[in-house]
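Each chain is listed here by its residues.
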There are 2 protein chains.
Amino acid sequence: MAKVLTSRKENYSQWYNDLVIKADLAENSAVRGCMVIKPYGYAIWEKMQAVLDRMFKDTGHSNAYFPLFIPKSFLSREADHVEGFAKECAVVTHYRLKSSPSGGIEVDETAKLEEELVIRPTSETIIWNTYKNWIQSYRDLPLLINQWANVVRWEMRTRLFLRTAEFLWQEGHTAHATREEAMEETIKMLGVYADFAKEWMAMPVIKGVKTENERFAGAVETYSIEALMQDGKALQSGTSHFLGQNFAKAFDVTFLDKTGKLEHVWASSWGVSTRLMGALIMAHSDDNGLVLPPKLAPIQVVIVPIYKKTEELAVIDERVEVIRKSLIASGISVKYDNRDTHKPGWKFAEYELKGVPLRLAIGPRDIENRSVEVARRDTLEKKIYPVEGIADTVKALLDEIQDGIYKKALDFRDNNTFRADSYEEFREIIASRGGFVLAHWDGTRETEEKINQETKATIRCIPLDPVMEEGKCIVTGKPSPRRVYFAKAY
Amino acid sequence: MAKVLTSRKENYSQWYNDLVIKADLAENSAVRGCMVIKPYGYAIWEKMQAVLDRMFKDTGHSNAYFPLFIPKSFLSREADHVEGFAKECAVVTHYRLKSSPSGGIEVDETAKLEEELVIRPTSETIIWNTYKNWIQSYRDLPLLINQWANVVRWEMRTRLFLRTAEFLWQEGHTAHATREEAMEETIKMLGVYADFAKEWMAMPVIKGVKTENERFAGAVETYSIEALMQDGKALQSGTSHFLGQNFAKAFDVTFLDKTGKLEHVWASSWGVSTRLMGALIMAHSDDNGLVLPPKLAPIQVVIVPIYKKTEELAVIDERVEVIRKSLIASGISVKYDNRDTHKPGWKFAEYELKGVPLRLAIGPRDIENRSVEVARRDTLEKKIYPVEGIADTVKALLDEIQDGIYKKALDFRDNNTFRADSYEEFREIIASRGGFVLAHWDGTRETEEKINQETKATIRCIPLDPVMEEGKCIVTGKPSPRRVYFAKAY
């Protein structure tokens, strides 16, 4: 069977696009930069949502919903925020269409909004304007709220999941009585993201703080988790911001503290988006298609019958029914594909493309031997197992795959994390190999920008738990207390 | 304690608004017509979503996501559709803001869209434009897709949950090979909504078909479920549309049928929205606040300690922990409110306002007697029960409440469903009592409009399982095969 995907080696970027389309994850829509998330892709996103939502609730957060629209004037309230987002805002100016004399419809100019509305690119402003009424005293704090929503940032160059004009995300917005509490929350939620990436996506990430250059518009500090993709580029996969009192001041949100003093409220915000789908796709997949971590796979096991005669299928159907039931009873999601419209080889390729972790094949000989052929998606290995105890076998294999692909991704990252002690060495690595480069930096914006202009690499983060090591900036030779992570990035 | 709500008798509409605000369900936002759904309100919506989502999946549907934006020209493709929605569309005309010379920010006129984008008021057009590429042959059918999303309809008069410019909803969009299948789906999903209303919301509904006047813009037939509120007004709570081939023709979606003939695809669409929250609130609540069906209550049981001395609280805490654990083990959601900042009376009123189905109070005497006082939110009855077997007691009471409030709502509806055999009688009932009025109608648009102009009542629906009964139209005296439901409506 012909390969349906461009290989990674040939053209990594084309491989990614092919994969997203061919595995039925998403496609471009008729609206510039906006995607359609197809049922199979959405099923993965739903699994991610469900786990994250549980993690947020377990850490004390509640969901709520705030308007899609933000009055234009709200954006201007926080100077850095408007600077960061104004250039990519979709703007609603009218609220009615009318029939056009030339046929079709046109904007009704008599229905012009007094103040234009922006489609939320993020919701700090509308939310802090609301919090003003919710917070009077320290008793109203902390306020721990999350929102699942769509947001719009008018990006010029878009890529499915990785950068789209509209995307789905969650945004946490918390309010606290003290700087320490807000900072603790910021770091705690970064930890939740890192745990999710590791435990569920099987994706190792670096936790760190962003440089001023890469900080969220309006934040005092931005923290992120950074993952390494197979092409050696980094992907920022989630951010958590310590907002200080910036938005409280912009929207005049104060509270009476325990001593009766009026203070501005402290804040955090944090978010992950459908961009995680891009990370998940690129973290583990290969030239045959998607490789999904079992914990997030919509279908964990597919069963394919192998037969020539209809009588054989009847016997296989019966055996499969027993297997299927025992797997379901163990909480495993199973699909039995006994369609007679497609050959087994076609089905094998199809479920490989879609990243189903385990494929069970059963033919007449398996019926005789009470056996089943099990193929692992991650290693592509096949092995015969007895039907007896199949649920335990499958469970153990799914765990093995979950662990295995994490370890593989971790090994990949370790093998693609380099140390550079001179700018020459740094440029050589970035240009030829990619990956993370740990290097000393003098802490200035100028040096960071020079490196970016000359090599396209950016500082991904200053690691949260660094090895403290005195050194000299690779560019200026000025002193540096520890290495930071550089990489080219998505 | 002073009543926090206007009574229903005094001013039903004010009672509703008070309740939504005071029970922390939602509030108006800074954006005209858009609401903020607060955590407690959102928690109820999440429960509704989870159940409906399960029901959709159990009937074979998958979720997906389509763009928020609809190119203006798409709307015009289906003549009735554009006629119905053009007047309430929010229109995006620009994609960038810039600093204003006078300070603040303004729309960047150089960033004008070539074609304006409408915020989806509903997604038939963008979805059928997408389906065109997904459907080639009968093998691609049926396509059973649902989307959870926000939509915008620029309403002039808005009310929290009942009618807002932006609202949250789900919209099912299905494609079929035959008229019969599409019609079967339309009716099936109406049934899902009716079951959900009955089994989960404890709200009886009438299933019926809408008259041409009230049909969804672009549908061949619109079916709805109609509920009766306590003020005698009807609330359309969900709709399911048989779209025929209207959208398939508008977007040229054809398929090769089994005989190799090219045919247009048949369609249904169906939706319920955060309007259901309004229905739920009004269906059961009273002058003390919200009454929630236990199956949808975020907190099913609240426990309040009654004590004077701190030592007493320590003992109560210990007993409560045992009770709490046994309730949780039975799948019951429990909150223990032992805050010392509020008195028991305040807490009682608070949880009554919020509609918590059962309140358990435990004082020193209960500790001695191994008893607990249980108060039902629906009847406000209190009774002492032994701690032994409390989980079973609570479970049984929750079931009783769920059944009881359904029965109460059904009795209310039965007692407020009238038959009118003359127009005079009809006008008298509508003006003085409200409720549903079953009357004969000649089937014409003119008569329906006359009745509406003169009485404000509309035909809510032609019931799906009517008692066939020959009669004469109350206005024109022309023959009618069965009575239809009239009411004033939200």
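Residues numbered from 1 in each chain as written. Chains lettered and ligands numbered in written order. Predicted model: local features only at pLDDT ≥ 70, side-chain atom pairs only at ≥ 80, totals over all residues.

### As for the overall build of chain A
The secondary structure content of chain A amounts to 14 helices and 26 strands. Computed over its C-alpha atoms, the radius of gyration of chain A comes to 26 Å, within 12% of the 23 Å expected for a compact globule of 490 residues. Along the first, second and third principal axes, the C-alpha atoms of chain A reach 80 × 65 × 55 Å. Residues classed as buried in chain A amount to 48% of the 490 residues present. Sequence separation of at least 24 residues holds for 67% of the intrachain contacts in chain A that already meet a minimum separation of 6. (Helix = DSSP H or I, 4+ residues; strand = E, 2+ residues; numbered from the N terminus. Rg over C-alpha atoms; globule rule 2.2 N^0.38 Å. Buried ≥ 20, exposed ≤ 12 C-beta atoms within 10 Å, placed from the backbone. Contact = placed C-beta atoms within 7 Å.)

### Regarding the packing of helix H9 (residues 310-329) of chain A against helix H12 (residues 390-415) of chain A
Residue and element names in this part refer to chain A. Between H9 and H12, the shortest axis-to-axis distance is 9 Å and the interhelical angle comes to 55°. Looking at the two axes, H9 sits oblique to H12. The crossing of H9 and H12 is right-handed. Contacts between H9 and H12 involve Ile 323, Ser 326, Leu 327 and Ala 329 from the first element and Ile 390, Ala 391 and Val 394 from the second. Within the contact of H9 with H12, the residues separate by chemical class into 6 nonpolar, 1 polar and no charged. (Axes fitted to C-alpha atoms, helices over the stretch in contact; angles between N-to-C directions. Parallel < 35°, antiparallel > 145°, perpendicular 65-115°, else oblique. Left-handed = near helix turned anticlockwise from the far one by under 90°. Nonpolar A, V, L, I, M, F, W, Y, C, P; charged D, E, K, R; others polar.)

### Here we look at the sheet that holds strand E21 (residues 382-386) of chain B
All names here are of chain B. If you trace the 5 strands from one edge of the open sheet to the other, you get E18-E17-E19-E20-E21, paired in mixed fashion. Only two strands of the sheet have a single neighbouring strand rather than two, namely strand E18 (334-336) and E21. Adjacent strand axes in the sheet meet at a mean angle of 25°, parallel and antiparallel pairs treated alike. As judged from the 5 bridges shared by strand E17 (residues 301-305) and strand E19 (residues 358-362), these two strands associate in the parallel manner. Residue Ile 303 lies in a different strand from E19, and its bridge partner there is Leu 360. Strands in contact with helix H9 (residues 310-329) are E17, E18 and E19; relative to E17, the strand with the most contacts, it is inclined by about 170°. Along the sheet face, helix H10 (residues 344-353) touches E17 and E19 and points at about 170° away from the line of E17. (Pairing = 2+ DSSP bridges.)

### Focus: the nonpolar core
Formed by 300 residues in total, the largest nonpolar core has its most connected members in A:Ala227 and B:Ala227. Apart from residues no more than four positions distant in its own chain, B:Ala227 is found in contact with B:Ala197, B:Met203, B:Val205, B:Ala234, B:Leu235, B:Ser237, B:Ala279 and B:Ala283. (Core = buried A, V, L, I, M, F, W, Y, C linked by C-beta atoms within 7 Å.)

### Concerning the sheet that holds strand E17 (residues 301-305) of chain A
Residue and element names in this part refer to chain A. Reading across from one edge, E18-E17-E19-E20-E21 is the order of the 5 strands in this open sheet, with mixed pairing throughout. One side of each edge strand has no neighbouring strand; the edge strands of this open sheet are strand E18 (334-336) and strand E21 (382-386). Each neighbouring strand pair of the sheet contributes to a mean axis angle of 25°, computed without reference to strand direction. Bridge analysis of E17 against E18 gives 3 bridges, and the strand direction is parallel. Its bridge partner being in E18, Val 302 is matched across the sheet by Lys 335. Packed onto the sheet, H12 meets E17, strand E19 (358-362), strand E20 (371-376) and E21 and runs at close to 10° relative to E20.

### Observations concerning the interface of chain B and chain A
Residue-level contacts link 51 residues of chain B with 51 residues of chain A. For the side of chain B that touches chain A, the residue count by class is 32 nonpolar, 11 polar and 8 charged. Where strand E5 (residues 91-94) of chain A lies against strand E5 (residues 91-94) of chain B, 3 bridges are found, and the strand directions are antiparallel. Bridging across to E5(B), A:Val92 finds its partner in B:Val92.

### As for the domain arrangement of chain A
Residues and elements named next belong to chain A. For chain A, the assigned domains read domain 1 (12-62 + 125-284), domain 2 (296-404) and domain 3 (417-487). For domain 1 versus domain 2, the distance between C-alpha centres works out to 37 Å. On the domain 2 side, the residues contacting the 10 residues of domain 1 number 6 residues. Considering each element in turn, the side of domain 1 that touches domain 2 owes the most residues, 5 residues, to helix H2 (residues 39-58). In terms of residue class, the side of domain 1 that touches domain 2 is made up of 8 nonpolar, no polar and 2 charged. (Domains from an automatic or database assignment.)

### Structural notes on the environment of A:Glu180
Examined against the element boundaries, A:Glu180 turns out to sit in helix H6 (residues 179-199). In sequence terms A:Glu180 and A:Phe196 are 16 residues apart; their C-alpha atoms lie 24 Å from each other.

### Quick notes on the relation of the copies chain B and chain A
After a rotation of 180° and a shift along the axis of 0.0 Å, chain B superposes on chain A with an RMSD of 0.0 Å. When the rotation and shift are considered jointly, the pair of chain copies conforms to a two-fold rotation axis. Nearest to the rotation axis, the C-alpha of B:Val92 is located 2.1 Å from it, this being the minimum over chain B. Comparing interface residues between copies, 100% of those in chain B also sit at the interface in chain A, which points to an isologous, same-surface contact. (Least-squares fit on C-alpha atoms with pLDDT ≥ 70 in both.)

### A closer look at H12(A)
Compared with the 38 Å implied by 1.5 Å per residue over 26 residues, the 36 Å span of H12(A) between its first and last C-alpha is a close match. Buried within H12(A) we find A:Ile390, A:Val394, A:Leu397, A:Leu398, A:Ile401, A:Gln402, A:Ile405, A:Tyr406, A:Ala409 and A:Arg413. (Expected span 1.5 Å × (residues − 1).)

### Focus on the environment of B:Ala431
Residues and elements named next belong to chain B. Summarising the element assignment, Ala 431 is placed in helix H13 (residues 423-432). Taking the C-beta count within 10 Å as the criterion, Ala 431 has 12 such neighbours and is therefore assigned exposed. Sequence separation between Ala 431 and Val 302 is 129 residues; the distance between their C-alpha atoms is 42 Å.

### As for unusual backbone geometry
Of the consecutive residues A:Leu141 and A:Pro142, the connecting peptide bond is found in the cis state with omega at -5°. You will see that A:Asp252, though not glycine, has its phi angle at about 55°, which is positive. Looking at the secondary structure, you find A:Asp252 in the loop between helix H7 (246-250) and strand E14 (254-256). With a phi angle near 70°, B:Lys456 is a residue other than glycine that sits in the positive phi range. Among the structural elements, B:Lys456 can be located in the loop between helix H14 (445-455) and strand E24 (458-463).

### What to know about the pairing of E17(B)
Along a regular strand, successive side chains alternate from one face of the sheet to the other. Of all 5 residues making up E17(B), 5 are buried, and the element is well covered by its neighbours. In this view, the connection linking E17(B) to its parallel neighbour E18(B) by way of H9(B) has right-handed handedness. (Right-handed = clockwise from strand over helix to strand, strands pointing away.)

### Topic: the environment of A:Leu25
All names here are of chain A. Mapped onto the elements of the fold, Leu 25 is located in the loop between helix H1 (12-22) and strand E1 (26-28). Separated by 329 residues in the primary sequence, Leu 25 and Lys 354 place their C-alpha atoms 8.8 Å from one another. Discounting residues that sit within four places of it in the chain, Leu 25 has contacts with Val 20, Lys 38, Tyr 40 and Gly 41.

### Some points on the pairing of strand E12 (residues 221-228) of chain A
Residues and elements named next belong to chain A. The buried fraction of E12 is high, at 7 of 8 residues. Both strand E11 (residues 206-209) and E12 contribute to a ladder of 4 bridges, which runs antiparallel. Bridge assignment links Gly 208 to a residue of E12, and that residue is Ser 224. Bridge count for E12 against strand E13 (residues 234-244) is 8 bridges, and the pairing is antiparallel. Looking across to E13, one finds that Thr 222 is bridged to His 241. In textbook terms, the turn of a hairpin is the stretch between consecutive antiparallel strands, and for E12 and E13 this stretch comprises 5 residues, one of which, Gly 232, has a positive phi near 85°.

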